[in-house]
Amino acid sequence: MVKTVTKYVCQNCGYISVGWLGKCPECGTWNSFTEEVTYIDKRKVNTRSKLKDINISNLTKLSEINSLDENRIRTGIDELDRVLGGGVVRGSVVLIGGDPGIGKSTLMMQLSHKLVDKVVLYVSGEESQTQIKLRSDRLGLGYDNFYVLTETSFEIIATVIEKINPDLVIIDSIQTVYRNDVESGPGSITQLRESTYAVIQIAKARNVSFFIIGHITKEGFIAGPKVLEHMVDTVLQFEGEGTHAYRILRAVKNRFGSSNEIGIFEMTGSGLKEVKNPSEVFLSERSESNPGSVVSASMEGSRPILIEVQALVSSSGYSVPQRTATGFDYKRLAILIAVLEKKIGLHLSKFDVFLNIAGGIRIDEPSIDLAAAVSIISSFKETKVDSDMLVLGEIGLAGEIRTISFAERRVQEAVKLGFKKIVLPEGNVKNLKTINNVEYIPVKNIQDAIRLIL
Ligand code: TYD
Ligand code: MG
């Protein structure tokens, strides 16, 4: 007996309703409900007697389970291994999201470059075998244990996995995969959820690792965002500014490592190259002699990266002046401008302010506040900041400069690249070792900072 059930599913969060709704009561999204029909075959339902015969393989004593760390596969791409927390854990499922054309497929093709003793299965529902071969030729790759399967039916994919017993499976992309036993249309959130669920089951049962590629919707979410994020072990986001060659791989969630680690790549004619010295790269095109350019250091996961903050303050032709932030939080910029106005009387209401983090990287760390504020003042006053000066510090609403974390690591990175004057919060200075030829300039508040820097 087959019964059909019609339900309405929010395509954003997966909320299920018996009737159509204009607005999702769960996530508040408008017009996100679509009709999905499910067929329930009563004969397929497991009865208790059948369940008795099932071989229970997933019940183990804790003491008999291998520790995960020994069970990581190093991909050979250090920047990727770093983001994963030291390689991909066997039996784990990693979701990689990113805009179309950012380089997800390229990264996945390159991934297996050094995995000569591992069997890798690359499942593509988007490109033909010839296209894949062309890409691999372009990347100069050639390996024996790399299988390509152009297939979208989950049942067939599962059969192939059983047959060739791979160590690593790449699914490009999860949106193209469909399950025959799930009667919702391909690409629907139910299909997406069920396919991912089935992938996770195979990963755990066979101890095989999966990378699954997920597309990003217009809103910047991985389609079926929260639903998938909760299910998988690790979520990586591949991002970059369209015009820059640099790509940042960011861990958004990681059950097996730190979730704020980043990996940096450059897209070249022959694929993605790892950026081993990010500080040098991000400072390489610095406009040292220009007002508005200030260098700061941001902690990205476990490593400090030097970045150039650029500001341009110009008289505005509009009644409402423009404020633009690239790679920097817009609201934070508004706060900094308000603090500058209130505390040092810098009136910017007739000026446009543009703030940019050079190189296309996005920084969410408050310790570059002071650098941003100084760059704005520097551009406004047309006075340049010394080119061997590093500026660190978070700015509070009262204009005070707050202590930052990992001061020593940041200073070391700057000194390595030849910086001689380090401006930093007073509270941080006493904990730092003196370094030959390096001058610490402690600051307490924004007024202090301006007097000492400009
Ligand atoms: P791709 O990996 O197909 O992106 P995604 O899978 O995220 O959609 O990358 C496509 C882009 O990368 C495309 O614009 C061409 C560019 N590219 C290079 O610049 N160099 C290369 O060696 C390769 C393979 C791609
Ligand atoms: Mg692709």
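Bear in mind that the values here come from a model prediction, so they are computed numbers and not experimental data. (Residues numbered from 1 in each chain as written. Chains lettered and ligands numbered in written order. Predicted model: local features only at pLDDT ≥ 70, side-chain atom pairs only at ≥ 80, totals over all residues. Heavy atoms only, no water.)

Draft legend 1. Looking closely at the environment of Arg-451. Tracing the sequence through the fold places Arg-451 in helix α13 (residues 446-453). Note on Arg-451: relative accessible area 57%, which makes it exposed. Side chain to side chain, Arg-451 and Asp-448 meet in a polar contact 2.7 Å long. (Helix = DSSP H or I, 4+ residues; strand = E, 2+ residues; numbered from the N terminus. Buried < 20%, exposed > 50% of the residue type's maximum accessible area, 1.4 Å probe, protein only. Polar contact = N/O pair within 3.5 Å; in protein donor to acceptor, adjacent residues only side chain to side chain.)

Draft legend 2. Local environment of the site of ligand 1. Every one of the 16 residues lining ligand 1 counts as a neighbour, but Gly-101, Ser-105, Thr-106, Thr-268 and Gly-271 are closest to it. Between ligand 1 and Gly-103, the relevant distance is 3.0 Å, taken from an oxygen atom to a main-chain nitrogen or oxygen of the residue. A distance of 3.0 Å separates an oxygen atom of ligand 1 from a polar atom in the side chain of Arg-135. Calculation on ligand 1 without its partners gives an accessible area of 550 Å², and the protein chains cover 74% of this total. Looking at the shell around ligand 1, the elements that each hand over two or more residues are α3 (104-111), α4 (129-138) and β13 (262-268). Here the shell around ligand 1 takes three residues from α3, the largest share from any one element. (Near = heavy atom within 4 Å. Areas by Shrake-Rupley, 256 points an atom, 1.4 Å probe, with all protein chains shown as cover.)

Draft legend 3. The arrangement of the sheet that holds strand β12 (residues 246-254) in detail. The strand order β8-β7-β9-β10-β6-β11-β12-β13-β14 describes an open sheet built from nine strands, whose pairing is mixed. Only two strands of the sheet have a single neighbouring strand rather than two, namely β8 (146-149) and β14 (271-274). Each strand axis lies, on average, 25° off the axis of its neighbour in the sheet, ignoring direction. Pairing of strand β6 (residues 93-98) with strand β11 (residues 234-239) involves five bridges; the strand directions are parallel. Looking at the pairing, Val-94 lines up with Thr-234 of β11. Here helix α6 (residues 189-206) sits on the sheet in contact with β6, β9 (168-172) and β10 (209-215), set at roughly 165° to β10. (Pairing = 2+ DSSP bridges. Axes fitted to C-alpha atoms, helices over the stretch in contact; angles between N-to-C directions. Contact = heavy atoms within 4.5 Å.)

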